[in-house]
Amino acid sequence: MAKKKVNVAVVGATGAVGTEMFGVLQERGFPVDRLLPLASSRSAGEEIEFAGTTYKVEELKHDSFAGIDIALFSAGGKVSAEFAPSAAKAGAVVIDNTSHFRMDPDVPLVVPEVNAKDIGEYKKKRIIANPNCSTIQVVVAVKPLFDAVPVKRMVVSTYQAVSGAGKEAMDELNEQVTALYNHRELPQEIFGRQMAFNVLAAIGTFDDNGDTDEELKMRNESRKMLHLPALAVACTCVRVPVYNGHSVAVYLELEKELSPDKARALLREAPGVLLVDEPKKRQIPTPLDASGQDATLVGRVRRDESVPHGLSLFCCADNLRKGAATNAVQIAEILLRDHL
């Protein structure tokens, strides 16, 4: 890490990901000179603690970014669409955690373990996009395998925690559980359905084919980061009543044989991967084990005998950390080290 200190703004400072970003910045010793927490007018005036200092949250405005070197955005796509260009115009490099810029051909979409070299393309718009949380853990898990053997098709089923929908979603799950045990009516403002002790096979809005935008993110973002524009990807995204930590089942159809033992060896050495694969000893990835970690836990590596050269695996990751805050800070570290 370079010793140069930089001025950092965090947009969405009081949200679940924004709060996690402060923790990750501090844990990783990111060289912050001046910290600027920004949020909507509703949250302006709230206080946050960072590295032993108390900061007041300021209201996000178009002129908020004077003197800012790196702006971490995590306040929703509409906010990024409106304010990220202002931050870039003021001279900051924006690392955006929303979906708004991800498929922009002039904006690099980056997971450092997968395509760190793409960070250098930030100069086109001074914006770097952070991928969707579930996509991040999938590409971290499959990249070392794809580097070894070309892939024909990837089938993905996600089991996504409610924290992926924000703090309000976590609160509503808690309220629903409490209401069920007390025989009260369930609040359903966030999910529109009972989430407690249930599974909802729909995250996001549907297109004419019946795919959700969350499922299309998995397909399109994977193709962009892996530089495989024709990669065949099928995906079903599911919300499960877990507070934090996404899980994903991945099925790969490869061009040639890759044995489970060889795959495990590759995963064991892969950056950002923690192999947890002794199922007979009940050593398998779980979202609880992944919570609080930056690694993607990978296990259940085995042949998929339904197709030639098939391989399947299961992975879990902390969607607020590696799926959002940590990935953004890792991008910032490389940006500072190699480009600023």
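In what follows, the structure referred to is the one given above.
Draft legend 1. Inspection of the packing of helix H1 (residues 16–27) against helix H9 (residues 321–338) at higher detail. Here H1 crosses H9 at 50°, and the two axes come no closer than 9 Å. Viewed along their axes, H1 and H9 adopt a mutual orientation that is oblique. As for how H1 packs across H9, the hand of that crossing is right-handed. Together, Val17, Glu20, Met21, Val24, Leu25 and Glu27 of H1 and Arg321, Ala324, Ala325, Thr326, Ala328 and Val329 of H9 make up the contact between the two elements. Looking at the contact of H1 with H9, its residues break down into eight nonpolar, one polar and three charged.

Draft legend 2. Structural context of the sheet that holds strand S1 (residues 6–11). Strand order in this open sheet of six strands is S5-S2-S1-S6-S7-S8, and the pairing throughout is parallel. A strand with exactly one partner marks an edge of an open sheet, and here the two such strands are strand S5 (58–59) and strand S8 (127–129). Of the strand pairs in this sheet, S1 and strand S2 (residues 32–39) are connected by five bridges, and their pairing is parallel. In the sheet register, valine 11 faces S2, and the bridge partner there is leucine 38. Seen against the sheet, H1 touches S1, S2 and strand S6 (70–73) and runs at an angle of roughly 155° to S1. Contacts between H9 and the sheet are confined to S1, S6, strand S7 (93–96) and S8, with S7 contributing the most and set at about 155° to the helix.

Draft legend 3. Representation of the nonpolar core. Counting 56 residues, the largest nonpolar core has Phe65, Ala71, Phe73, Leu145, Phe146 and Met154 as its most contacted members. With eight residues, the top contributor of residues to this core is helix H4 (residues 133–148). Formed by 34 residues, the second largest nonpolar core is a distinct cluster that contains Val10, Ala39, Val93 and Val329.

Rules used throughout
- Residues numbered from 1 in each chain as written.
- Predicted model: local features only at pLDDT ≥ 70, side-chain atom pairs only at ≥ 80, totals over all residues.
- Heavy atoms only, no water.
- Axes fitted to C-alpha atoms, helices over the stretch in contact; angles between N-to-C directions.
- Helix = DSSP H or I, 4+ residues; strand = E, 2+ residues; numbered from the N terminus.
- Parallel < 35°, antiparallel > 145°, perpendicular 65-115°, else oblique.
- Left-handed = near helix turned anticlockwise from the far one by under 90°.
- Contact = heavy atoms within 4.5 Å.
- Nonpolar A, V, L, I, M, F, W, Y, C, P; charged D, E, K, R; others polar.
- Pairing = 2+ DSSP bridges.
- Core = buried A, V, L, I, M, F, W, Y, C linked by side-chain atoms within 4.5 Å.
- Buried < 20%, exposed > 50% of the residue type's maximum accessible area, 1.4 Å probe, protein only.

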